[in-house]
Amino acid sequence: NSMNIDPVFVSATDLHPSAAGLVKAGTYLPAVTSDYASVNRTDPPDVGAYQFSTNQVVVTTAATSVNNTGATLIGAGVGAVGGAMIGNEADKANCQVP
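The notes below deal with the structure included here. Please read all numbers here as calculations on a predicted model, not as lab measurements. Residue numbering note: each chain is counted from 1, following its sequence as written. Given that this is a predicted model, residues contribute local features only at a pLDDT of at least 70 and side-chain atom pairs are listed and counted only at 80 or more, while totals for whole chains, interfaces and linings are drawn from all residues. Computation of side-chain values covers all heavy atoms of the structure but excludes hydrogens and water.

## A short note on the side chain of D35
This is how the line gets drawn: The way it works is that DSSP assigns letters per residue, a run of H or I at least four long becomes a helix, a run of E at least two long becomes a strand, and they are numbered from the N terminus. Here's how the labels work: a residue is buried when its accessible area is under 20% of the maximum for its type, exposed when over 50%, partly exposed in between, all with a 1.4 Å probe on protein chains only. Positive: Lys, Arg. Negative: Asp, Glu. His and the chain ends are not part of the count. Whenever Lys or Arg places a side-chain nitrogen within 4 Å of a carboxyl oxygen from Asp or Glu, that contact is recorded as a salt bridge. The term polar contact refers here to a pair of N or O atoms within 3.5 Å; inside protein, the definition further demands a hydrogen-donor-capable atom paired with an acceptor-capable atom, and it admits residues adjacent in sequence only when both atoms are side-chain atoms. Two residues form a contact once any of their heavy atoms are found within 4.5 Å.
Positionally, D35 belongs in the segment before β1 (62-67). R41 is the oppositely charged side chain nearest to the buried, salt-bridge-free D35, at an N-O distance of 5.6 Å. Polar side-chain contacts of D35 include one of 2.7 Å to the backbone nitrogen of V39. With sequence-adjacent residues up to four places away left out, D35 is seen in contact with R41, A49, Y50 and Q51.

Shown next, in the form of structure tokens:
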């Protein structure tokens, strides 16, 4: 496994890469949880000593009261909405976040 990509360093003195071809193109190793600057690695990680892409956090919530026109989502966890009604395009009156 090899790559021939210009890392496009930020500057001559800042050797953080920025090439899109290196983003999340590495192999995840459970023993390597952070990069050279102690930034958490993603799975898969960016290629090189520095993790330079963002670590996306996805929070999901359980849906209740699911029917053919919408669902009620009950928020849970950090930063979650307390609850939301999700409806379809034709039923905009039920598309609301209380």
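## As for the packing of aromatic side chains
What counts is decided by this rule: Here is the rule: rings of Phe, Tyr and Trp (six-membered ring for Trp) pair when centre to centre is within 6.5 Å. Planes less than 30 degrees apart are stacked, more than 60 are edge-to-face, and the remainder are tilted.
Across all of its chains, the model carries one aromatic pair by this definition. Where Y36 meets Y50, the ring centres are 5.8 Å apart and the plane angle is 90 degrees; that geometry is what we call edge-to-face. Placement of the pair is Y36 in the segment before β1 and Y50 in the segment before β1, with a sequence separation of 14 residues.

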